[in-house]
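Topology and contacts: notes
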Amino acid sequence: MRTDLCDTLGIEHPIVGFSPSEHVVAAISRAGGLGVLGCVRFNDAAELDAVLTWLDEATDGRPYGVDVVMPGREPTEGAVTDLTQMIPSGHRDFVEQTLLRLGVPPLEAASSRPGVLGWLHSVARSHVEVALRHPVRLIANALGPPPADVIAQAHDRGLLVAALAGRADHARSHVAGGVDIVVAQGYEAGGHTGEIAGMVLIPEVVDAVDVPVLAAGGIGSGRQIAAALALGARGVWMGSVWLGTSEYRSSPGLREALLRATSGDTVRSRIYSGKPARLLRNRWTEAWAAEDAPAALPMPLQNLLVSEAHDRLMASDDPTVVPMPVGQIVGRMNAVRPVAEVVADLVTETDETLTRIHKLL
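Residues numbered from 1 in each chain as written. Predicted model: local features only at pLDDT ≥ 70, side-chain atom pairs only at ≥ 80, totals over all residues. Heavy atoms only, no water.

Counting 70 residues, the largest nonpolar core has Ile15, Leu52 and Trp242 as the members making the most contacts within it. In this view, tryptophan 242 contacts Ile15, Gly17, Phe18, Val24, Ile28, Tyr248, Val339, Val342, Val343 and Leu346; residues no more than four positions away in its chain are not counted. In this structure, Leu279, Trp288, Leu305 and Val306 belong to the second largest nonpolar core, which totals 21 residues. (Core = buried A, V, L, I, M, F, W, Y, C linked by side-chain atoms within 4.5 Å. Buried < 20%, exposed > 50% of the residue type's maximum accessible area, 1.4 Å probe, protein only. Contact = heavy atoms within 4.5 Å.)

Given below as structure tokens:
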């Protein structure tokens, strides 16, 4: 299984794997794909620099990439204190009352984490600045193309730039802005996602642009990779499937929630960051869907609002409330396996599927 994307990125298999875990990212790259580290969790540039320094060694000289979150329209900026004051008291009351109703205890120690400031444009820029000091191969933006100066800096250093798109017109705009690779992400995807399903979106984007297209959204098998290639994609972008790997360090409660979920146990909501994102459906998401629940706040205020709540929900280790972005592929995540085994199975099944289709013809 090889396409021209492999030569472009310097990888063996046209599999690009996104994960917030550096251990997963390193394992994907070592297995012949391109691991891409999600940077939004890093509030501190020094912490990101240390992780990328670790990746420089842990990937055994194989390429890897980074993913930042830089909205096309810059969200509200400001110091944490100033932003926090913009959150309505009614929203705070709703969060606290919901946690009490769900039986979620307070943290044993107060959280010093103010929220995921990676949603801020300025913090995302600092992520790019750090990444440019490392031998990364790709910078991807989860919310469209980065600013022109960021793309120019990446190109000056020989890096490729990718951007996620949920519509064909978005993809055309991305390419016009200088993006090298478009990730066509279908509605099935976890995290931030649009409203068009992959089977419809992928060929639309392939026909709309003249750069390589990666298929994304609910992909977790070789048969799906073969289908993506048939639709014109040069490779795949996979995220949720790695949550079920042994390299992903998960609490028992979260692991249980992921393993027992079906493909129907997700919901697309703004409650995670302020922008539509697909999450595990549970008692926490259902509370926000109730008639008496307030509307989600815009990015980054929503994340600041729920940040401590998310810490408490995760610390509770209750599989019925843990907050987690995940795609509809979660229904196929039924066992914990090493990344290398997952990649090997993907390659084998893709090859077998393509061979079977060839015989049919």
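This next bit is on helix 3 (residues 45-58). Under the 1.5 Å per step criterion, the end-to-end length of helix 3 is 20 Å for 14 residues, consistent within 8% with the ideal 20 Å. Those residues of helix 3 that sit buried are Leu48, Val51, Leu52, Leu55 and Ala58. One face of helix 3 carries all of its buried residues, which in axial projection span an arc of 120°. Tucked inside the fold, the buried residues of helix 3 contact helix 2 (22-30), strand 2 (34-38), strand 3 (64-68) and helix 6 (121-131). Looking one or two places after helix 3, you find aspartate 60, whose phi comes out positive at around 55°. (Helix = DSSP H or I, 4+ residues; strand = E, 2+ residues; numbered from the N terminus. Expected span 1.5 Å × (residues − 1). Arc of directions from axis to C-beta.)

As for its position among the elements, threonine 59 is in the loop between helix 3 and strand 3. Residue class for threonine 59 comes out buried when judged on its relative accessible area of 1%. Not counting residues up to four positions away in its chain, the partners in contact with threonine 59 are Ala26, Ser29, Arg30 and Tyr64.

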